[in-house]
Amino acid sequence: MRRATLWPDHLLPDDGVPPPPWPGREVRLDGLVTYVRDTPATAAGAEPALYVHGLGGSSQNWTDLAGLLADRLDGQAIDLPGFGRSEPGPRYTIPAFADLVVRWIEHSGRGPVHLFGNSLGGAVAVQVAGLRPDLVRTLTLISPALPFLDFRRSLQGRMLPVLAIPRGERLVARRLTQLAPEVMAQQVLEACVADLSRICDQRRAEALEEIRVRYEAEHYAAAYVRTFRGLVSSFLRAYLPGPGSLWRLAEAVRAPTLVVGGRQDRLVDVRVAPQTARVIPDSRLMMLDGVGHVAQLEVPRLVARAVVGLLTETEDAAGRSDLAG
């Protein structure tokens, strides 16, 4: 593990007016509709990238970061089954989501990709990179939800009793109907973001629209609860003997990796990001003061600088290898 290298800020594209969410399309994959947003490359020679969101998030969470990286990466962001605008799926586990990501990379014919994951998406990305190294060029993990057992360090800990209640998704659905979308959107932002002044009015409006989409989707509560249950199960399995441990899969990752963590993360134990960087062999770590759970939303330029630093470093290493060969 070493410290992340930051690309000079002035060499990134200008921020300008925040772009709207990138255009999306429905793709039928294995009989289910998966929603995909494309961030087209703005320069020749850009390599393919795939972005995977966290629990309760969507492909929209990557708008700013994907735009900043478009001169280097030809981006796609997917909505996992049951989230965003994708149809619900039959299973809501880390392996099931990882299978979908693998299927999408194979279906799109764009692999290997630069793979990004936030929170739940980080756990999914680790599983993909650990099991299918042929599909992953580099790996970027932002507040990855890898296993930890002290749920007092997460606001999600209050959800644990719901998992013990049969059909606990009904309670979640009832909770959704009791709160106005504006209130729910504010609560989501407060849980995920350390400094709300960094979130512009346009992004707040888009977050509210995403909440309204959830209210209209009858499957959302079940998808959320079942996914949270699958995530907790993966945490418990990680500390038991046998295959399937996310920590053992992290040890198997061979792709050059960037791990980003926010020191004010309220959803994933802040010790997880450094531990992830220690476990993955070829890793770089960037811990951010005053930043929460979704650094790609809160400080996208800083994350982009670290990503371009990773890309440049790996390109230089590949060039040296070619010369040596």
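Above this note sits the structure.
Residues numbered from 1 in each chain as written. Predicted model: local features only at pLDDT ≥ 70, side-chain atom pairs only at ≥ 80, totals over all residues. Heavy atoms only, no water.

**Student:** Now, about the packing of aromatic side chains: what can you tell me, with residues and values included?
**Tutor:** In this structure the tally under the stated criterion is seven aromatic pairs. Ring centres 6.2 Å apart and planes at 75 degrees place the aromatic pair Y92 and F97 in the edge-to-face group. Across the pair, F97 and Y92 agree in class, each one buried. What links up through ring pairs into an aromatic cluster is the set Y51, W62 and F116. The cationic tip of R72 hangs over the ring face of W7; the distance from NZ or CZ to the ring centre is 5.2 Å. (Phe/Tyr/Trp six-rings, centres within 6.5 Å; stacked < 30°, edge-to-face > 60°. Buried < 20%, exposed > 50% of the residue type's maximum accessible area, 1.4 Å probe, protein only. Lys NZ or Arg CZ within 6 Å of the ring centre and 35° of its normal.)

**Student:** Report on the packing of helix α2 (residues 94-108) against helix α3 (residues 120-131), specifying residues and quantitative values.
**Tutor:** Running from N to C, α2 and α3 point in directions that differ by 70 degrees, and their axes come no closer than 9 Å. As summarised for this structure, α2 and α3 are arranged roughly perpendicular, according to the angle between their axes. Classified by chirality, the crossing of α3 by α2 is right-handed. Along the contact surface, α2 presents I94, P95, F97, A98, V101 and V102, while α3 presents L120, A123, V124, Q127 and V128. Of the residues that constitute the contact of α2 with α3, the class distribution is ten nonpolar, one polar and no charged. (Axes fitted to C-alpha atoms, helices over the stretch in contact; angles between N-to-C directions. Helix = DSSP H or I, 4+ residues; strand = E, 2+ residues; numbered from the N terminus. Parallel < 35°, antiparallel > 145°, perpendicular 65-115°, else oblique. Left-handed = near helix turned anticlockwise from the far one by under 90°. Contact = heavy atoms within 4.5 Å. Nonpolar A, V, L, I, M, F, W, Y, C, P; charged D, E, K, R; others polar.)

**Student:** Tell me what's going on with the sheet that holds strand β5 (residues 73-78), and back it up with residues and numbers.
**Tutor:** The strand order across the open sheet built from nine strands is β1-β9-β8-β7-β6-β4-β5-β3-β2, with neighbouring strands paired in mixed fashion. At either end of the open sheet lies a strand with only one pairing partner, and these are β1 (2-3) and β2 (24-29). When strand β6 (residues 113-118) meets strand β7 (residues 136-142), the two strands line up parallel, connected through six bridges. The partner of N118 across the bridge, within β7, is I142. In this fold α2 packs onto β2, β3 (32-39), β4 (47-52), β5 and β6, with an angle of close to 100 degrees to the strand it touches most, β2. (Pairing = 2+ DSSP bridges.)

**Student:** Could you give me a rundown of the environment of F148, with the residues and numbers involved?
**Tutor:** By the element assignment, F148 lies in the loop between β7 and α4 (160-163). For F148 and D269, which are 121 residues apart along the polypeptide, the C-alpha to C-alpha distance reads 7.0 Å.

**Student:** Quick rundown of the nonpolar core? Include the residues and the values.
**Tutor:** One finds V101 and L115 to be the most contacted residues of the largest nonpolar core, which totals 70 residues. With nine residues, the top contributor of residues to this core is helix α8 (residues 220-237). Not counting the four nearest positions on each side in its chain, V101 is found in contact with L50, V52, I78, L115, V124 and V128. One finds L68, I142, L288 and A295 within the second-largest nonpolar core, a separate group that totals 27 residues. (Core = buried A, V, L, I, M, F, W, Y, C linked by side-chain atoms within 4.5 Å.)

**Student:** Report on the pairing of β5, specifying residues and quantitative values.
**Tutor:** Summarising burial for β5: five of the six residues are buried, a large majority. Taken together, the four bridges between β3 and β5 define a ladder with antiparallel strand orientation. Across the sheet, residue V36 finds its bridge partner in β5, namely I78. Since β4 and β5 lie parallel, the crossover through helix α1 (residues 63-68) that links them has a hand, and here it is right-handed. (Right-handed = clockwise from strand over helix to strand, strands pointing away.)

**Student:** Lay out the pairing of β7 with the relevant residues and their values.
**Tutor:** Counting buried residues in β7 gives six out of seven residues, a clear majority hidden from the surface. A crossover links β6 with its parallel partner β7, the connecting element being α3, and its sense is right-handed. Examined bridge by bridge, β7 and strand β8 (residues 257-262) share four bridges and lie parallel to one another. Along β8, the bridge assignment pairs T140 with L258.

**Student:** How would you summarise α3 if you had to cite specific residues and measurements?
**Tutor:** Taking 1.5 Å of rise per residue, twelve residues should cover 16 Å, and α3 covers 17 Å from first to last C-alpha, within 8% of that figure. Here α3 lies mainly inside the structure; eleven of its twelve residues are buried. Contacts from the buried residues of α3 go to β4, α2, β6, β7, α8 and α9 (246-252). (Expected span 1.5 Å × (residues − 1).)

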